[in-house]
Amino acid sequence: HAKIAGIRIPHLVSKIYIYQLTKSAKELKYPLYLKSENHSSDVFRVENFKTLRQIKLRLNLSLGWYLEEVVDGVGYTSEKFYWVAGSCFGRDSWQIPRSDIVSAMNLIGKIFSFQVFSSDFIITKNNFWCIDINPEPGLFGSLNARIAFINEIKKMSIHKQKKWARKNNVSNTEYKNA
């Protein structure tokens, strides 16, 4: 549907090594995202060949990499959103997600039974397309999402502790003093 609407779909070249970056970049259109195959926080926006050369010097040689076309264009952007236990977060520098995006994220969570995930969207003023769903997000783009995730883990841990205490007939005071 996005392609029919005239929106570029991101093309990518994956499983490439440092020495292959320049050659692989020629297969795509700038700007590009350069991302590590292990989905760490190593994500670079590459505007042109000169930027690519500069970034290559700082890369971890042991990682595999992939290049992905940036699909930002006139009237549309590519954005990542995070879902943590019923709340939707954009990247730290972005504004609060629109209500239709929040509804879509909620639906994705329900359909796949995900408590935590991220999704990439192509967004226009009046429409959006979900182009990727990641059930194991790094949450590196949003401090608020990371804090929500940590709080959710704490809440789950306390719930498990209380459940264990009830099952083993141990009072909260005894449990805390053990």
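Look a little higher up for the structure.
For clarity, every value in this text was computed on a predicted model and none was experimentally measured. (Residues numbered from 1 in each chain as written. Predicted model: local features only at pLDDT ≥ 70, side-chain atom pairs only at ≥ 80, totals over all residues. Heavy atoms only, no water.)

1. Examining the overall build of the protein
Selection criterion: Here a strand is any run of E in DSSP of at least two residues, a helix any run of H or I of at least four, and the numbering for each starts at the N terminus. We call a residue buried when its accessible area falls under 20% of the maximum for its residue type, exposed when it is over 50%, and partly exposed in between, using a 1.4 Å probe and counting protein chains only. By the convention used here, residues are in contact when the closest approach between their heavy atoms is within 4.5 Å.
When helices and strands are tallied, the protein shows 5 helices and 8 strands. Listing each helix as α and each strand as β along the protein from the N terminus yields β-α-β-β-α-β-β-β-α-β-β-α-α. Residue burial in the protein is summarised as follows: out of 178 residues, 38% are buried. Pairs at least 24 apart in sequence give 57% of the contacts found in the protein among residues at least 6 apart.

2. What to know about the sheet that holds strand β8 (residues 128–134)
As a reminder of what qualifies: Whether two strands pair depends on DSSP finding at least two bridges between them. Only C-alpha atoms enter the line fits that serve as axes; for helices the fit covers just the stretch in contact. Angles between N-to-C directions range over 0 to 180 degrees.
The 4 strands are arranged β6-β5-β7-β8 in an open sheet whose pairing can be described as antiparallel. Of all the strands in the sheet, just β6 (87–90) and β8 have a single pairing partner and so form its edges. Averaged over neighbouring strand pairs, the angle between their axes works out to 30 degrees when direction is ignored. Pairing between strand β5 (residues 76–84) and β6: 4 bridges, direction antiparallel. Each residue of the ladder has a partner; that of F81, found in β6, is G90. Packed on one face of the sheet, helix α3 (residues 99–112) meets β5, β6, β7 (116–124) and β8 and runs near 140 degrees to β7.

3. Side note on the nonpolar core
Here is the rule we go by: Remark: nonpolar core denotes a set of buried residues (Ala, Val, Leu, Ile, Met, Phe, Trp, Tyr, Cys) joined through side-chain atoms within 4.5 Å.
With 14 residues, the main nonpolar core has L21, L34, L59, W65 and L67 as its most contacted residues. When residues of this core are traced back to their parent elements, those giving at least two are α1 (21–25), β2 (32–36), β3 (43–46), α2 (49–56) and β4 (65–69). By size, the runner-up hydrophobic cluster in this structure holds 10 residues, among which are F81, W83, I108 and F117.

4. With respect to a nonpolar patch on the surface
The condition is simple: Within this analysis, patches are made of residues with over 30% relative accessible area and no salt bridge. Like charges are joined at 9 Å or less; nonpolar side chains (Val, Leu, Ile, Met, Phe, Trp, Tyr) at 5 Å or less. Per-residue and other accessible areas follow the Shrake-Rupley method at a 1.4 Å probe size, with only the shown protein chains counted as cover for residues. Salt bridges, as used here, are contacts in which a Lys or Arg side-chain nitrogen is within 4 Å of a carboxyl oxygen on Asp or Glu.
Together, F149, I150, I153 and M156 make up a nonpolar patch on the protein surface, roughly 350 Å² of accessible area in all. By the element assignment, F149 lies in helix α4 (residues 143–167). With a relative accessible area of 31%, F149 lands in the partly exposed category.

From the geometry alone we can't say anything about function, so treat these as descriptive.
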